[in-house]
Each structure stands twice: as C-alpha cells, then as structure tokens.
Amino acid sequence: QYSAVDTNPLSVYIMQPIWNKIIKIVPLWIAPNLLTFSGFVMILFNYFLISFYDWDYTASGTSPGLVPTWVWLFSAFTTFCAYALDSIDGKHARRTQSSTPLGELFDHGLDSWATSIFVLSFFSVCSRDNGKTGVSVYTMYMYLSIVLFNFMCSHWEKYNTGVLFLPWGYDISQVVLIAAYLLTGTVGVEVWQKPLLFGYYITDVLVILLIGFSLFLSFPQTLYNIHRAHLKKTLKNDSLYEGLLPLVSPLLLFVLLTVWVVLSPSNILAKQPRLFLWMVGVAFSNVICKVIICQMSSTRPELFHWFLFPLALVVYAAISGLLGRMEEAALSVFTTLVTAAHVHYGVCVGRQLSEHLNIYIFSLKKRVQE
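These numbers were taken from a predicted model, which means no experiment stands behind them. (Residues numbered from 1 in each chain as written. Predicted model: local features only at pLDDT ≥ 70, side-chain atom pairs only at ≥ 80, totals over all residues. Heavy atoms only, no water.)

Colleague: Hey, could you run me through the overall build of the protein chain in this one?
Modeller: A tally of helices and strands in the protein chain yields 13 helices and 2 strands. Here the C-alpha radius of gyration of the protein chain, 21 Å, is about what a compact globule of 370 residues would show, namely 21 Å. If you line up the protein chain on its principal axes, its C-alpha atoms span 60 × 50 × 45 Å. Relative to its full complement of 370 residues, the protein chain shows a buried share of 50%. Looking at the protein chain alone, contacts between residues at least 24 apart form 81% of all its contacts between residues at least 6 apart. Only carbon and sulfur atoms are counted for the fraction: they give 68% of the accessible area of the protein chain, which is about 18,200 Å². Of note, the protein chain has its 22 positive side-chain charges centred 6 Å away from the centre of its 20 negative side-chain charges. (Helix = DSSP H or I, 4+ residues; strand = E, 2+ residues; numbered from the N terminus. Rg over C-alpha atoms; globule rule 2.2 N^0.38 Å. Buried < 20%, exposed > 50% of the residue type's maximum accessible area, 1.4 Å probe, protein only. Contact = heavy atoms within 4.5 Å. Areas by Shrake-Rupley, 256 points an atom, 1.4 Å probe, with all protein chains shown as cover. Lys, Arg positive; Asp, Glu negative; His and termini not counted. Charge placed at Lys NZ, Arg CZ, Asp CG, Glu CD.)

Colleague: In this structure, what is going on with the packing of aromatic side chains? I would like to understand it.
Modeller: Each aromatic ring pair is characterised by the separation of its centres together with the angle its planes make. Within the structure shown, the criterion is met by 23 aromatic pairs. With a centroid separation of 5.4 Å and 50 degrees between ring planes, the pair formed by F37 and F362 is classed as tilted. Separated by 325 residues along the polypeptide, F37 in helix α2 (residues 32-53) and F362 in the segment after α13 (327-356) bring together distant segments of the chain. On the accessibility criterion, F37 (34% relative accessible area) is partly exposed. Taking the relative accessible area as the measure of exposure, F362 reaches 39% and is therefore partly exposed. When the centroid spacing of 5.9 Å and the interplanar angle of 45 degrees are considered together, the rings of F48 and W278 count as tilted. (Phe/Tyr/Trp six-rings, centres within 6.5 Å; stacked < 30°, edge-to-face > 60°.)

Colleague: Looking at this model, I keep getting lost on helix α1 (residues 9-22). Mind explaining?
Modeller: For α1, spanning 14 residues, the distance from its first C-alpha to its last is 19 Å, which sits close to the expected 20 Å at 1.5 Å a residue. Residue M15 marks the point of greatest curvature in α1, where the axis turns by about 45 degrees; the proline P17 follows within four residues. By the burial criterion, the buried members of α1 are S11, M15 and W19. The inward-facing, buried residues of α1 abut α4 (69-95) and α7 (168-187). One side-chain oxygen at the N-terminal end of α1 lies 3.2 Å from the backbone nitrogen of L10; it belongs to N8. (Expected span 1.5 Å × (residues − 1). Bend = angle between axes of the 7 residues up to and from the residue. Polar contact = N/O pair within 3.5 Å; in protein donor to acceptor, adjacent residues only side chain to side chain.)

Colleague: So what exactly am I meant to see when it comes to the pattern of salt bridges here?
Modeller: Two side chains with opposite charge may pair up if their charged atoms get near one another. Inspection of every chain in the model, using the stated rule, returns 4 salt bridges. Across the pair E302 and K290 runs a salt bridge whose closest N-O atoms are separated by 3.5 Å. With E302 in the loop between α11 (273-297) and α12 (308-319) and K290 in helix α11, the pair connects residues that are 12 residues apart, well separated along the chain. (Salt bridge = Lys/Arg side-chain N within 4 Å of Asp/Glu carboxyl O.)

Colleague: How should the UniProt feature "transmembrane region" (unreviewed entry) in the protein chain be read in this particular structure?
Modeller: The sites that UniProt annotates as "transmembrane region" (unreviewed entry) are residues 25-49, 69-85, 135-153, 165-184, 196-219, 240-263, 275-293 and 305-323. Between the C-alpha atoms that bound residues 240-263 the distance is 33 Å, and the span itself is 100% helix and 0% strand. Taken end to end, residues 275-293 has its terminal C-alpha atoms 27 Å apart, with 100% of it in helix and 0% in strand. (UniProt positions renumbered as here; feature names shortened; annotations may be inferred.)

Colleague: Mind showing me how you'd approach a nonpolar patch on the surface here?
Modeller: On the surface, Y241, L252, L303, F304, W306 and F309 cluster together into a nonpolar patch covering about 600 Å² of accessible area. Within the fold, Y241 resides in helix α9 (residues 240-263). Note on Y241: relative accessible area 46%, which makes it partly exposed. (Patch = residues over 30% accessible without salt bridge, like charges linked within 9 Å, V, L, I, M, F, W, Y side chains within 5 Å.)

Colleague: Quick question: what am I supposed to make of the packing of helix α5 (residues 101-126) against helix α6 (residues 137-161) here?
Modeller: When two helices pack together, their arrangement is given by the angle between the helix axes and the distance between those axes. Axis separation between α5 and α6 bottoms out at 9 Å; the angle between their running directions is 165 degrees. The angle between α5 and α6 falls in the class roughly antiparallel. Seen along the crossing, α5 lies across α6 with a hand that is right-handed. Every residue of α6 that contacts α5 at E104, H108, D111, S112, T115, S116, V119, L120 and F123 is listed here: M140, Y143, L144, V147, L148, F151, H155 and K158. For the contact of α5 with α6, the per-class residue count stands at 9 nonpolar, 5 polar and 3 charged. (Axes fitted to C-alpha atoms, helices over the stretch in contact; angles between N-to-C directions. Parallel < 35°, antiparallel > 145°, perpendicular 65-115°, else oblique. Left-handed = near helix turned anticlockwise from the far one by under 90°. Nonpolar A, V, L, I, M, F, W, Y, C, P; charged D, E, K, R; others polar.)

Colleague: Looking at this model, I keep getting lost on the side chain of S266. Mind explaining?
Modeller: Position of S266 among the secondary structure elements: in the loop between α9 and α10 (268-271). On the basis of relative accessibility, which here comes to 18%, the residue S266 falls in the buried class. In this structure the side chain of S266 is engaged in a polar contact, spanning 2.5 Å, whose partner is the side chain of E327. Contacts of S266, omitting those with residues within four sequence positions, involve K271 and E327.

Colleague: Whenever I open this one, the side chain of N33 confuses me. Can you help?
Modeller: Note that N33 resides in helix α2. In this structure N33 comes out as buried when scored by relative accessible area, which is 8%. Separated by 3.0 Å, the side chain of N33 and the backbone oxygen of I361 make a polar contact. Not counting residues within four places of it along the chain, the set of residues in contact with N33 comprises L102, G103, F106, I361 and F362.

The following block contains the structure:
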C-alpha cells in the first residue's frame, strides 16, 4: 500500500490545484506509466540537446552565444512538462483505478535517474570555472552528491517508516530550474556572470542554500520522522543494523567515487566532467532502485551492491597508475557498461512485474492469461 505525505506549502497551496486542473484534460485511456515515461524522455532529450552544444560545460562561460536562446526556453518547457507529468501520473492512476506496485516502482525508479539529469542539465547554465566566473567541477560534484543524498534519505526514511515524506526541495528545485532557464533565455547567460549581492554570484547563493537546506532542514527532518516512528513503535525494522543497511552501498559508492575524483593522476573529473557525472548519476540510480524494491517488498537489501566491485577495481587501477593514459578510455567503457546494465535491469524488472501482476506497462488493458 503506497503511503505518502506532502506538507510543502508550495505544493499543497499552489502546485496541487494546478495539477488537479491539468489532470482533467488527460484522456482516460492513457496509462499512467505512459505519462511518467513521457516526462522522463523529455528531460533526457533536453539533456542530450544541451550536451550537443555544451559537452564540457564551458559554453556559457567562454562562449556565451554558443548555446542558442531557444535551447534555454525549450529547457524551461521540457522541465515544466516533466514536472507536471511526474506530478499527475499518480492522480491519473487513482482516477483510472490502475494504481499498482509497478507504477510506484516505475515512477520512483525513473525519478532516481531523473534527479541527476536535472542537475547535470542545469550546470550548463552557470558553466564551469574559467578563472572569472562559473563553478568548479568539484563544486558540481559536491552539488550533485548533496542532491542525490537528499533523494536517498527520502527512500531510506520510507524503508524504515513505511511512509514517503515528500521532500520540500523537490517542488522548490523544479520551480527554480524553470525560472533559471527562462531567465537565461530572456536575459542571457551573462546574468550568471555578474555579482548578485556582496560579491556573491547567483550560483554561489544556490550552492549555499542547497547545503543549508540539506543540513538544517531535509536531513534533520528525516531523522525526526524515523525517531517519531520509533517512539510510536511503528518502525518496520527493529534493529539498528537493519535500519542502516540500505545506506551501506550508497555511502561506499560515494567514497569510491570521491577517492577517484581526489586521487586521479590525470584529474579525470576536470577532463571529462559530463561523462563522469553521468556515470555517478546512473550508478546511484541503480543502487537506489534496489533499495526502493526492498522497501516496497519488505525484503532485506544486499549489503554490497555489485556495482561496487568493478568500480573498486577501476578506481584502484586509476589511482595506482596502472591505467596510465587509458584512464579516460576506462571511464568511457565503465560508464557505457553501467548505463547498459541499468537500462537492462529496469527493463527486466518491469517485464517481471508486468507478467506477475498480469498487466501491461504502457496500456490499461489486462494481459490475456495463457
């Protein structure tokens, strides 16, 4: 039984009334998963479009006119559409009486991947550090890590409490992203290269707000909700070990990736920021998908995710100098394999649930049992 709580004033008083109006125009024959997947495809297409014009995150800094204005406006449009589709898919499922565990997994599984894609697309707006403006690739890595950490905490919280407390940061971040793209499209990327207040740039303010929001609101709220469930004796896991188990693989993943970033002989993050950060997002998504499945099925997560073993080998080979000049090639191969493995995993799980529940993924029709 899916259980979620949303207390964000922005969502409750502004966005939800908008979604309630939009949902009325969605035809009843459309499957909720089709809405979810359409939104994901839109942000994925937008990401590759931006990547085409700005592969190394320098277009907005060194060559401000390199990314056409229409790309930023298109980014605002696709971000809003993806935000809307992700917000109404559950409403549409209840409206068509087609709510299933497959829909919940499909929604949250794609969200775990989309979270990183939203962030990686936004980095093209502010650009990487060029000595005068922009943010360093290490700040980008930290920014992405904090966002993924917040997402992880939400599902770790549900693993222990059985309730998904929707983070306030989601709606706020979506509105900020849309506004940022519109601002860039109408004013130009130069707005990000001028001090906003007391010598701080807009990007500096956003990073400070993100860190502050995570450390002083999001994470404390997660701990409070788990503590409250403990006092009410409604925790799903009795022991501390079982409760912390889902955090082991994500934290080890972060440690290995950080070691690679810091100790890389060729400074791999600076050489291939987009490829490296994409790999981080995909690996994280697969690890969290396993946690989501365990949380939904009340099963015990594995202590070490299998991604950790090949990643550890690659990191060791890189920082020890065994790869030499092949470090970038090794990153490319590893990223390709991780992405392929994640897509394969998602397809297999989707098919298995589809057959088990006797439903189609993208249709409201029932399967004909053999």
